[in-house]
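A structural walkthrough
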Amino acid sequence: MHISVVIPLLNEEESLIELHNWIAKVMQSNQFSYEIIFIDDGSTDNSWNIISELSNKDKNVKGIRFLRNFGKSQALHAGFAKAEGEVVITMDADLQDNPEEIPELYTMITSGGFDLVSGWKKKRYDAVISKNLPSKLFNWAARKTSGVKLHDFNCGLKSYRKALVKNIDVNGEMHRYIPVLAKNAGFSNIGEKVVQHQARKYGETKFGMDRFIHGFLDLITIWFLSRFGKQPMHLFGALGVIMFAIGFAFAFYLGIDKLFINPYGRLITQRPQFYIALSTMIIGTQFFVAGFLGELILRNRADKKRYLIKDELNL
């Protein structure tokens, strides 16, 4: 199979038929063998019934329905697990991503040698203040922190080599950072393509300003995991050594001063250096304990399901 199109969605009943027909037209005109995997992330409208009808009419349409809303990352994880295509394309269900981009995205993976190609919505039709400016700031921070030189991390339109999606773990809210996860996994040939962004035709966006706050917090998380996820003791141990050394230095100074320099001066407990020494040594010990606990958790964790599937179609 040439292409798997993975589409996470939440309450997009108005756009699904039009999106399916558009994708099918592009695939057939380019003679691609394909599958379209819709992941219904707990929709409360008629989305699942429409997916069921499309599946009955078109054997290329497959569906996964979550028991409730688990988030876009979990939806992508479920879609990636089921995808069979040589190249996996992800896109949103709101018709803001253009299926006409699929052939070139496919070619860039198969002939261009890329492991991942991310769309860049260079010209956007979103609100400037509430979405465009925060998005630019977010993408700048992501580039500086991760070292992945992309202009638009959050673009839903991306293409992937099959081996990549089968070997990365998309969890939490990490769908924004799939290129960073790919780089950390060893898939470093990451490209970018300017894609057409279309104004939303139906409904309204499911994401508010809070996604940027969450995005920056996730950026800190993925930086930590990429640097210290396998060896948390390297970070916490180093911080523990520094803090404990500072505390010990103050304690040593106080001891020498009291015993040899000024034995009849103030009591040690009346000097601020005593509390600095005590606090920093306690904090250093706590950092050590945190590092040991991190190592123990890492070595003894058991994988658990992050979402519950209610129904599947053609899978």
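Look a little higher up for the structure.
These numbers were taken from a predicted model, which means no experiment stands behind them.

As for the pairing of strand β1 (residues 3-9)
Burial analysis of β1 places 7 of its 7 residues in the buried class, the great majority of the element. Residues I3, V5, I7 and L9 point to one face of β1 and S4, V6 and P8 to the other, with burial holding for every one of them. Looking at chain direction, β1 and strand β2 (residues 34-40) are connected through 7 bridges and run parallel. Counterpart to V5 in the pairing with β2 is I36.

Structural notes on the packing of helix α1 (residues 16-29) against helix α2 (residues 47-57)
Viewed as axis vectors pointing N to C, α1 and α2 meet at an angle of 35°, and their least axial separation amounts to 10 Å. Handedness of the crossing formed by α1 with α2: right-handed. Across the interface between the two elements, L16, I17 and H20 of α1 pack against S47, I50, I51 and L54 of α2. Split into classes, the residues belonging to the contact of α1 with α2 amount to 5 nonpolar, 2 polar and no charged.

Side note on the packing of helix α9 (residues 232-261) against helix α10 (residues 272-300)
For the pair α9 and α10, interaxial distance at closest approach is 7 Å and the crossing angle is 160°. Taken as axis vectors, α9 and α10 run roughly antiparallel relative to one another. Of the two possible hands of crossing, α9 and α10 adopt the one that is left-handed.

A look at the packing of aromatic side chains
How two aromatic rings sit relative to each other is given by the distance of their centres and the angle of their planes. For the coordinates displayed, the defined rule picks out 9 aromatic pairs. Taking 5.1 Å as the distance between ring centres and 85° as the angle between the ring planes, the aromatic pair formed by F274 and Y275 counts as edge-to-face. Classification of F274 by relative accessible area gives partly exposed; the value is 26%. Of the residues examined, Y275 reaches a relative accessible area of 44% and is grouped as partly exposed. Taken together, the ring pairs connect F224, F228, F236 and F287 into an aromatic cluster. When the ring centre of F70 is taken as origin, the NZ or CZ atom of R68, which lies over that ring, is 4.0 Å away.

The rules we used
Here, residues in each chain are numbered from 1, in the same order as that chain's written sequence. Since the coordinates come from a predicted model, pLDDT governs what is reported: local features require at least 70, and pairs of side-chain atoms require 80 or more to be given and counted, while whole-chain, interface and lining totals use all residues. Side-chain metrics in this entry use all non-hydrogen atoms of the structure; hydrogen atoms and water are not considered. Exposure categories follow from relative accessible area, calculated using a 1.4 Å probe and restricted to protein chains: below 20% of the type maximum is buried, above 50% is exposed, and the middle band is partly exposed. Secondary structure elements are taken from DSSP: a helix is a run of H or I of four residues or more, a strand is a run of E of two residues or more, and numbering for both begins at the N terminus. Strands qualify as paired when DSSP identifies two bridges or more between them. Only C-alpha atoms enter the line fits that serve as axes; for helices the fit covers just the stretch in contact. Angles between N-to-C directions range over 0 to 180 degrees. Helix crossings get a hand from a simple test, with the near helix turned counterclockwise from the far one by less than a right angle marking a left-handed crossing and a clockwise turn marking a right-handed one. Only heavy atoms enter the contact rule, under which two residues are in contact if any of them lie within 4.5 Å. Here the nonpolar group is Ala, Val, Leu, Ile, Met, Phe, Trp, Tyr, Cys and Pro; Asp, Glu, Lys and Arg are the charged ones; every other residue, Gly included, is treated as polar. Angle categories are assigned with fixed cut-offs, so that under 35 degrees is roughly parallel, over 145 is roughly antiparallel, 65 to 115 is roughly perpendicular, and the rest are oblique. The criterion for an aromatic pair is that two Phe, Tyr or Trp rings (for Trp, the six-membered ring) have centres within 6.5 Å, with stacked assigned to planes under 30 degrees apart, edge-to-face to planes over 60 apart and tilted to the rest. Counting as a charge over the ring demands two things of the Lys NZ or Arg CZ atom: a distance within 6 Å of the ring centre and an angle within 35 degrees of the ring normal.

Interpretation note: all reported values are geometric properties and have no functional meaning in isolation.
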